[in-house]
Amino acid sequence: MTTLTTGTPTPTPSVGTAHTRVEGRDKVTGAARYAGEIPFADLAHGWLVLSTVARGRIRSIETATVLAMPGVLGVLDHRNALRLETDYAGLMGSKPDPTCAVFQHDRVPHLGWPVALVVAETSEQAREAAEALVVHYEQEPHDVDFTGERPDAYPLDSHVPAVTEKGDLDAELAASAVVVDAEYTTPEEHHSPMEPHAATARWDGGRLDVVDSNQGATWVVGELASLFSLDPGSVRVRSEHVGGGFGSKGVRAHQVAAVMAATVLRRPVRVVLTRRQMFSLAGYRSPTAQRVRLGADADGRLRALEHRSLSLTSTVHEFIEPSAGVARVMYDADAHHTANRVVRLDVPTPTWMRAPGEAPGSFALEAALDELAEKCGIDPIELRLRNEPDKGPVSGLPFSGRHLPACLREGARRFGWADRDPRPGVRKDGRRLLGTGMAAASFHAGAMPSTATVTAHANGTFTVRIAAADIGTGARTALTLVAADALGVLPERVRVRIGDSDFGPAMIAGGSMGTRSWSWAVTAAAGELRDRLALSGDIPPEGITVRSDTTEAIGALAPAERHSFGAQFAEVAVDVDTGEVRVRRMLGIFAAGRIVNPLTARGQFVGGMIWGISMALHEEAVRDRAFGGHVGADLAGYHVATHADVPHIEADWIDDPDPGDPVGIKGIGEVGIVGAAAAVANAVWHATGVRHRSLPIRPDRVIQAGAPRA
C-alpha cells in the first residue's frame, strides 16, 4: 500500500488558463495515428462501388472478370451480402438511415448509392477492380429539383417540433407600422473534414473490433450491434484521433461494409472513402428556402414574427434542417409562428452539419432583422436590444442565462460601431465600396448522460477514461484541465484516455454538448475519488478507481432555456467592377459559459467564423438536374474559404458561467458559425445598398444585382 493525497488545490486553477494540446506533439510529428493509418496483420482493403444512375434498379452485376483480377478476394452486393436488421430505434429514437444498411436490395434511390464492395489484398488492387466492375441498371426518371414552391412538402418533427404558433399573425401584420416580407435561400453544403471517413473491422476472439473515425464510439457500437443483431458487449469501437467531423462522422455505409466483409472473409478489412465519395455518402447540409415576415411598431417593437423553412431529404430516410427553430429563441412577438417543412427527392440523405438549423436559419432571420432596422430607421443593434425577450418566446421557460445584450454592446465598442455612417454605399476605398454589418447568434447548450472512470495510481498520477471523441476541438486537453482541478493537482499528473467504447457509454461529440457532458462525468468521478483519498490516502499497487454516471444528475435539471449567445461583426470591401467581395475584418463576442481552455476555444470560435465567411461567399454544391449528381464533387469544384480569404478575425468572450453545470460550461462548437454569414451579407448591403438574399454572394450575383459604381 502507498499513502498518497491529491495535495492542496493548485494556486491557479487549470480551467480558464491557456494550455497547448496534450497530444499536439504527437500530431505534428506523425506519431498520432488515424483510423486509416493503424496497421493490422493480414489486412485486406475494400473499395465501394457507387451507382451511376439517380433512380432505378440493379439489373445485373458482372463479377466474374473482377474476381479473376490480381489480389481480388471477393465482391459483396445485394445478392450475397449478409442480411441486416433495420427495424430499430437509432440515435434519439429515430430510425436509422437505410443508406447504412448496404446491399440489402436492388433499388437505387440516388446517384452515388453503394451497390457493391470489392475487397482485395491492397488498396490499389481494390480500386482498380472496383472501377472495372460493370453494373447494369434499369433506369427510372428522377427528381432532384429543389425549389421553395413544392406542393408535396410537409412539416416534419425532429428533435424540435415542426410547427409552433401563438397569436393572430395576420391581424398583427395588418396592425404593424412596418412590415418585412422576404425570402432567403441557402445552397447545399458539405462537411469535407481534413481526415476522410475510414474504418477497419476485424473479429478478435469472437468479438467485433472496429477502429474508426467517428464522433462517438458509444453511438457506433449501438448502431452496429443493432444492424448485425449482436450483443453490444461483443462490439468494441475505438477512435483515438479524429481529423474533423462537423456532424458527418456517425454511422455510414463504409463502416457497415467493412464489418460485413470482415465477417465473410474472417480477416481485417479496411474501407476508406475518397473525397468524391464523401459527397454522396457522408451526409451534407440541405439547401433551404426560407420566408420571414416581420411586423413592427414604428419604434421597432415586434408585433408579428413568422419564419418558415423548407429543406429536402431523400426518399429512403427523413431528415430535416430545422432552420426556423432559431426564431424560437432569439426574439418574441405578439404573434409568433414558425414551421419547418421538408420535401422528398432522389438525393442522398442530409445530416447534421455544424449548427444544424441555426446556421442557415440565422442568415434568414438576422438579415430580415437588418431589413427591418433599415425600414424603421433604427440602428440594427438598438433594434435587437428593444426586442430582447425576458423568457423563451415559444417555451415560456426562463433563460438559464442570457447575456446577448452584453455581447452586442461589447462587440459594438470593440468594433467601432458608433463611428458607422448608417447610409449604404457612401464609404469608398478606390473602386471598392466598404460596408459593415452585424448579426446576433445563439445555440442550444445541453448536456447528456455520460460515464467516466478516474484511477489514482501509487506513483502519484491519475488516469481518466471516458468514451469521448476529440474531433479536433481540443476535448482531450479540456478534460485534462477539468480533471486536474477536480482532483486538486497539476495537469501534468493527469492522463486522459478517450475514444474507446470499452470505457463505458458517453455522449457523442455533437450539438456543442460533448465537453460539457464529459466534464460533468469526469468532475463527478474525480470529486468522489478525491474524497476517498482524503479519508484514507492508502493506494494499493493496482490503484483506486471510481466510476461516475451522470444520468440522474442531468435528469434532475430544472426546465430552462439554455443557450450560448454571440454577436458577430464584419467589414467588407466590394469591387464593383469584378463583383468580388472581400471580408476585411471580423469580430465575434460570445457568452458561452465558462471557457475551459482559452487557446483551443478561440480556435473553435474563429474556425466557426471562417466557416461563416465560406458560407456567405463561397460554398455551394450544385446538382445537375439531368443526371442527378453534383457538378464538381471535389475540393476543386466545391469552393471553400482559403488563407487568402481569411482576414483579421478576432474572437473573445464575456464572463458567463452556467450555474446549472458543475464546471460552468455551456458549449462553443457551433455558436461561432451562427450569425456569421448574416453579418457578412448585412455588410454587403451596407457597402452597396443592394440586398442579397441568396447565398453564396458570388461575383456574378453582385454584378447582376447592379451594385452602384464608386
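Up top you'll find the structure we're talking about.
This report concerns the structure included in the present document. Just so it is clear, the model here is predicted, and its values are computed rather than measured.

Looking now at the sheet that holds strand E13 (residues 235-238). Hydrogen bonds along the backbone pair up the strands of a sheet, which may run parallel or antiparallel. An order of E4-E6-E2-E14-E11-E12-E13 is seen for the 7 strands of this open sheet, with the pairing classed as mixed. Two strands close off the open sheet at either side, each with one partner strand: strand E4 (72-76) and E13. Mean inter-strand twist for the sheet, computed between neighbouring axes without regard to direction, equals 20°. Judged from the 6 bridges that link them, strand E11 (residues 198-204) and strand E12 (residues 207-212) form a sheet pairing that is antiparallel. Bridge pairing in E12 links Arg202 to Asp209. The strands that helix H5 (residues 217-227) touches are E12 and E13; relative to E13, the one it contacts most, it runs at about 145°. The strands that helix H6 (residues 253-265) touches are strand E2 (44-50), E4, strand E6 (114-120), E11, E12 and strand E14 (269-272); relative to E11, the one it contacts most, it runs at about 30°.

Now for the side chain of Glu23. Considering the arrangement of structural elements, one finds Glu23 in the loop between strand E1 (2-3) and helix H1 (24-29). Side chain to side chain, Glu23 and Lys27 meet in a polar contact 3.0 Å long. Those residues in contact with Glu23, other than ones at most four positions away along the chain, are His241, Asp470, Arg476 and Thr477.

Turning next to the packing of aromatic side chains. Going through the model one piece at a time under the given rule, you end up with 9 aromatic pairs. Considering the side-chain rings of Phe246 and Trp611, the 4.9 Å spacing of their centres and the 80° angle between planes classify their relative orientation as edge-to-face. On the criterion of sequence distance, the pair formed by Phe246 in the loop between E13 and H6 and Trp611 in helix H15 (residues 598-617) is long-range, its members being 365 residues apart. Grouping aromatic residues by their ring pairs yields a cluster made of Phe415, Trp417 and Phe569. Against the face of Trp203 rests Arg266, its NZ or CZ located 5.4 Å from the ring centre. Sitting over the face of the ring of Phe415, Arg585 holds its NZ or CZ atom 3.8 Å from the ring centroid.

The subject of this paragraph is the nonpolar core. Membership of the largest hydrophobic core comes to 88 residues, with the highest contact counts inside it found for Leu294, Leu372, Phe569 and Val572. Counting residues per element, this core draws most heavily on helix H9 (residues 358-376), at 10 residues. Discounting residues that sit within four places of it in the chain, Leu294 has contacts with Leu173, Val178, Val179, Val180, Leu302, Ala304, Leu305, Ala368, Leu369 and Leu372. By size, the runner-up hydrophobic cluster in this structure holds 78 residues, among which are Val210, Leu224, Ile466 and Ile544.

Let us look at the sheet that holds strand E18 (residues 427-429). Pairing in this open sheet of 5 strands is mixed, and the strands run E18-E19-E25-E26-E27 from one edge to the other. Of all the strands in the sheet, the pair left with one neighbour each is E18 and strand E27 (648-653). If you compare each strand with its neighbour and ignore which way they point, the axes differ by 25° on average. Here E18 pairs with strand E19 (residues 432-444) via 3 bridges, running antiparallel. Note on E19: the bridge partner recorded for Asp429 is Arg432. Contacts from H15 reach strand E25 (563-575), strand E26 (581-591) and E27, with the element oriented near 130° to E27.

Parameters and conventions
- Residues numbered from 1 in each chain as written.
- Predicted model: local features only at pLDDT ≥ 70, side-chain atom pairs only at ≥ 80, totals over all residues.
- Heavy atoms only, no water.
- Pairing = 2+ DSSP bridges.
- Helix = DSSP H or I, 4+ residues; strand = E, 2+ residues; numbered from the N terminus.
- Axes fitted to C-alpha atoms, helices over the stretch in contact; angles between N-to-C directions.
- Contact = heavy atoms within 4.5 Å.
- Polar contact = N/O pair within 3.5 Å; in protein donor to acceptor, adjacent residues only side chain to side chain.
- Phe/Tyr/Trp six-rings, centres within 6.5 Å; stacked < 30°, edge-to-face > 60°.
- Lys NZ or Arg CZ within 6 Å of the ring centre and 35° of its normal.
- Core = buried A, V, L, I, M, F, W, Y, C linked by side-chain atoms within 4.5 Å.
- Buried < 20%, exposed > 50% of the residue type's maximum accessible area, 1.4 Å probe, protein only.

All we've got here are geometric facts, nothing functional implied.
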